[in-house]
2 protein chains.
Amino acid sequence: MFSTVAVNGEVTRWEDVRLHDFAQGFFFGAGFFTTFRIDEGTPLFLARHLARLSASISAFPSAVRAPPAELLREEAVRDTLRRCLDADAALGPRFTGVGKLAASDGKLLLTLRPPSPDAERLQREGRAVDSTELGAYRHGEPTPNHKGLSYFRQYTLMASMPLLANERGHACELPTANLFALIDDQLVTPPLEAPCLPGIIRQVLLDAGNLNGMPVVEQDLPLARLAEARACVFTNSAVLVTGVTRLLGRDLPDSLSLAEHLRAHVLRVAAREG
Amino acid sequence: MFSTVAVNGEVTRWEDVRLHDFAQGFFFGAGFFTTFRIDEGTPLFLARHLARLSASISAFPSAVRAPPAELLREEAVRDTLRRCLDADAALGPRFTGVGKLAASDGKLLLTLRPPSPDAERLQREGRAVDSTELGAYRHGEPTPNHKGLSYFRQYTLMASMPLLANERGHACELPTANLFALIDDQLVTPPLEAPCLPGIIRQVLLDAGNLNGMPVVEQDLPLARLAEARACVFTNSAVLVTGVTRLLGRDLPDSLSLAEHLRAHVLRVAAREG
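The notes below deal with the structure included here. (Residues numbered from 1 in each chain as written. Chains lettered and ligands numbered in written order. Predicted model: local features only at pLDDT ≥ 70, side-chain atom pairs only at ≥ 80, totals over all residues. Heavy atoms only, no water.)

1. As for the overall build of chain A
Put simply, the rule is: A run of H or I in DSSP counts as a helix once it spans at least four residues, and a run of E counts as a strand once it spans at least two, with each numbered from the N terminus. Exposure classes here rest on a 1.4 Å probe applied to the protein chains alone. A residue is buried below 20% of its type maximum, exposed above 50%, and partly exposed in between. The contact criterion used is simple: two residues touch if any of their non-hydrogen atoms lie within 4.5 Å. With residues, only the protein chains shown are counted as cover, and all accessible areas are computed by Shrake-Rupley using a 1.4 Å probe. In this tally, Asp and Glu contribute negative charge and Lys and Arg positive charge; neither His nor the terminal groups of the chain are included. Where a charge lies is defined by one atom per residue type, namely NZ (Lys), CZ (Arg), CG (Asp) and CD (Glu).
In terms of regular secondary structure, chain A is built from seven helices and 17 strands. Projecting the C-alpha coordinates of chain A onto the three principal axes gives extents of approximately 50 × 40 × 30 Å. Out of the 274 residues belonging to chain A, those deemed buried represent 59%. Looking at chain A alone, contacts between residues at least 24 apart form 68% of all its contacts between residues at least 6 apart. With an accessible surface of roughly 10700 Å², chain A has 50% of that area assigned to carbon and sulfur atoms. For chain A, the distance from the average position of its 29 positive side-chain charges to the average position of its 32 negative side-chain charges is 1 Å.

2. Here we look at the relation of the copies chain A and chain B
To be explicit about the condition: When the copies are superposed, the least-squares fit draws on C-alpha atoms of residues that have pLDDT of at least 70 in both.
The operation relating chain A to chain B is a screw motion whose rotation component is 180°, with 0.0 Å of axial translation and a residual RMSD of 0.0 Å. Here the symmetry operator amounts to a two-fold rotation axis. When the interface residues of chain A are mapped onto chain B, 100% of them are again interface residues, pointing to one common binding face.

3. Brief notes about the packing of helix H6 (residues 200–208) of chain A against helix H7 (residues 255–273) of chain A
Residue and element names in this part refer to chain A. For clarity, the threshold we go by: Axis definition: a line fitted to C-alpha atoms, over the contacting stretch in the case of helices. Angles run 0 to 180 degrees between N-to-C directions. Any angle that is under 35 degrees is reported as roughly parallel, and any over 145 degrees as roughly antiparallel; angles of 65 to 115 degrees are reported as roughly perpendicular and all others as oblique. When residue character is reported, Ala, Val, Leu, Ile, Met, Phe, Trp, Tyr, Cys and Pro are called nonpolar, Asp, Glu, Lys and Arg charged, and the others, Gly included, polar.
Their axes nearest at 10 Å, the elements H6 and H7 cross at an angle of 90°. Accordingly, the angle class assigned to the pair H6 and H7 is roughly perpendicular. Across from Ile 201, Val 204, Leu 205 and Ala 208 in H6, the residues of H7 making contact are Leu 262, His 265, Val 266 and Val 269. Across the contact of H6 with H7, the residue classes break down as seven nonpolar, one polar and no charged.

4. Points about unusual backbone geometry
A cis amide bond links A:Ala194 with the next residue in sequence, A:Pro195, at an omega value of 5°. Locating A:Pro195 in the fold gives a position in the loop between strand S12 (186–189) and H6. The backbone of A:Asn212 shows a phi angle near 55°, a positive value even though the residue is not glycine. Relative to the elements of secondary structure, A:Asn212 occurs in the loop between strand S13 (210–211) and strand S14 (214–218). Judged by its relative accessible area of 67%, A:Asn212 is exposed. Although it is not a glycine, B:Phe45 adopts a positive phi angle of roughly 55°. Note that B:Phe45 resides in the loop between strand S4 (42–43) and helix H2 (46–59). B:Phe45 sits in the buried class, given a relative accessible area of 5%.

5. Describing the sheet that holds strand S10 (residues 171–173) of chain A
All names here are of chain A. Rule in force here: In this analysis, strands are considered paired if DSSP registers two or more bridges between them.
Pairing is mixed in the open sheet, where three strands are placed in the order S8-S9-S10. Edge positions in the sheet fall to strand S8 (132–137) and S10, since each of these pairs with one other strand and no more. Each strand axis lies, on average, 50° off the axis of its neighbour in the sheet, ignoring direction. Bridge analysis of S8 against strand S9 (residues 163–166) gives three bridges, and the strand direction is parallel. Each bridged residue has a counterpart across the sheet, and for Glu 133 the counterpart in S9 is Leu 164.

6. Digging into the nonpolar core
The criterion, for reference: For this analysis, a nonpolar core means a set of buried residues of the types Ala, Val, Leu, Ile, Met, Phe, Trp, Tyr and Cys, connected via side-chain atoms within 4.5 Å.
Residues A:Phe26, A:Leu109, A:Leu112, B:Phe26, B:Leu109 and B:Leu112 are the most contacted members of the largest nonpolar core, which totals 84 residues. Not counting the four nearest positions on each side in its chain, A:Leu112 is found in contact with A:Met1, A:Phe2, A:Thr4, A:Ile38, A:Leu81, A:Cys84, A:Leu85, A:Leu91, A:Phe95, A:Val98 and A:Gly99.

7. Quick notes on the pattern of salt bridges
Residue and element names in this part refer to chain A. To keep it simple, the criterion reads: Put simply, a salt bridge is a Lys or Arg side-chain nitrogen that is within 4 Å of an Asp or Glu carboxyl oxygen.
For the structure on display, the rule yields 27 salt bridges over all chains. Ionic pairing is found between Glu 273 and Arg 48, a salt bridge with its closest N-O pair at 2.7 Å. Placement of the pair is Glu 273 in helix H7 and Arg 48 in helix H2 (residues 46–59), with a sequence separation of 225 residues. The salt bridge involving Glu 74 is made with Arg 78; its shortest N-O contact spans 2.6 Å. With Glu 74 and Arg 78 both in helix H3 (residues 74–87) and four residues apart, this pair spans about one turn of that helix.

8. Description of the packing of aromatic side chains
We count it as follows: The criterion for an aromatic pair is that two Phe, Tyr or Trp rings (for Trp, the six-membered ring) have centres within 6.5 Å, with stacked assigned to planes under 30 degrees apart, edge-to-face to planes over 60 apart and tilted to the rest.
A complete count under the given rule lists 21 aromatic pairs over all chains for this structure. Ring centres 6.3 Å apart and planes at 40° place the aromatic pair A:Tyr151 and B:Phe28 in the tilted group. Residue A:Tyr151 is found in the loop between S8 and helix H5 (152–155), and its partner B:Phe28 is found in helix H1 (residues 23–28); the two belong to separate chains. The two residues A:Tyr151 and B:Phe28 agree in class, both being buried.

9. Overview of the interface of chain A and chain B
Keep this limit in mind: Note on definitions: buried area is the accessible-area loss of two parts on being combined, 1.4 Å probe, summed for both.
The interface is formed by 41 residues belonging to chain A together with 42 residues belonging to chain B. Between chain A and chain B, the buried area comes to about 3500 Å², and carbon and sulfur atoms account for 71% of it. In terms of surface lost to chain B, no three residues of chain A exceed A:Phe26, A:Phe27 and A:Phe152, which account for 22% of the buried area on that side. Where chain A meets chain B, there are zero salt bridges. Elements that contribute at least two residues to the side of chain A that touches chain B include exactly helix H1 (23–28), strand S3 (32–39), strand S5 (97–104), strand S6 (107–113), S8 and H5 of chain A. It is H1(A) that provides the largest number of residues to the side of chain A that touches chain B, a total of six residues. Of the residues contributing to the side of chain A that touches chain B, the split by class is 24 nonpolar, 11 polar and six charged.

Dropping the structure here:
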């Protein structure tokens, strides 16, 4: 993480931020965050990230003190980001990396980090997903629909990256990514009730409706049905789309080209949305 | 909360503690805490609190960086507490209130607050528990067995204090307290797999085995069975034992005397354990 951060739009040093100002976020995980990619100074899908963050804050009005509404507006965040990049020679106006907005205690914290160290390798080589965490979620539970500071369940699983499933044996998501499987010529992703995060890239793909003749749909995804998948990818805002080259022991070499194809679509939409 | 706190045994000011030093605790809820009562300068059941905190830390060795082991020893915490009380005229060596130890990022934070403002009223009048949150937990899920900084689920429910139940319709706990119901002349509390927190006061009562001729037992507690309860209490470390004077719409006037009786036992054990 870089030392230059912003609290409620004010550029400061990470070392100078007080725990005191984020106490409910720390003690109770009472807050939300969102992580977004920055390409050469431009944040990707910022409006969508802010809409989701604001929706989560609005869903828990008594538990999380909201930052001032004007600070959650797209132009305000773009301006804050610009001032952070300008203030730090290690960043600069053409910075490429990852931004994170965390909201708690009536404050909005912007932090910045370099690109995921394994992003390029993931893009080139994909990765295997060979284990499941059955019953990690309960069907319909609402918490995973929000990217909350109470992130421990997912955090403990980040390194092993199992496929999280609910008590019905339906796939939900990965600890930090949504899942898409190509089954019967449809690109299938679990519904929000599985539950899973309403991921930004997930929604960009769903918005397309149809990609290269493949309908993109939300459907219950029993683990057994994944045996029929011809290809599989996971999506998140930092790496966008990653091919799952082996899924639960079965090689899926076509996942890499599917990932490349979907990534190109996502980047086109990002450019259009500016 | 008082301004005098301690980080890794060093007395400092809350305003001077840096978020930087508790970053994984804040961003991911990757840490644990415990809250204990302090009566006239003496922490109650401190050894038990530290044993549970250490057990939670040990259960997640890769996700939570443990504070130095020697800081988690009872004598070290007693010494830190003593120096905090001595350092602040608003506290003093005969301080009565609530202490909190939070562990994350290789650090141990001790904070202090006044007694719960409603503690005396709760002791005198008890309180009603009239709503349930069905499916709040999933039977057997491990997270509620640890008092973690990812506390949002419980935090959002603190004000309304519903009875949390699992998907089987079995009672688990309250957002910040364990539950005991007097049924068939037994004092029944849900098992840890319900799930619930292994609360310190809960364990003190279970350790007794039998109180005034009433066996104290862990048993599945279907919500329907609560209709047979003759009295009911909830327990936590700050208020110890609180009578539930109305449970899901049914008046239980005997809960107050049961609470008083159990509280006296808890205080006797506390005095013995020093």
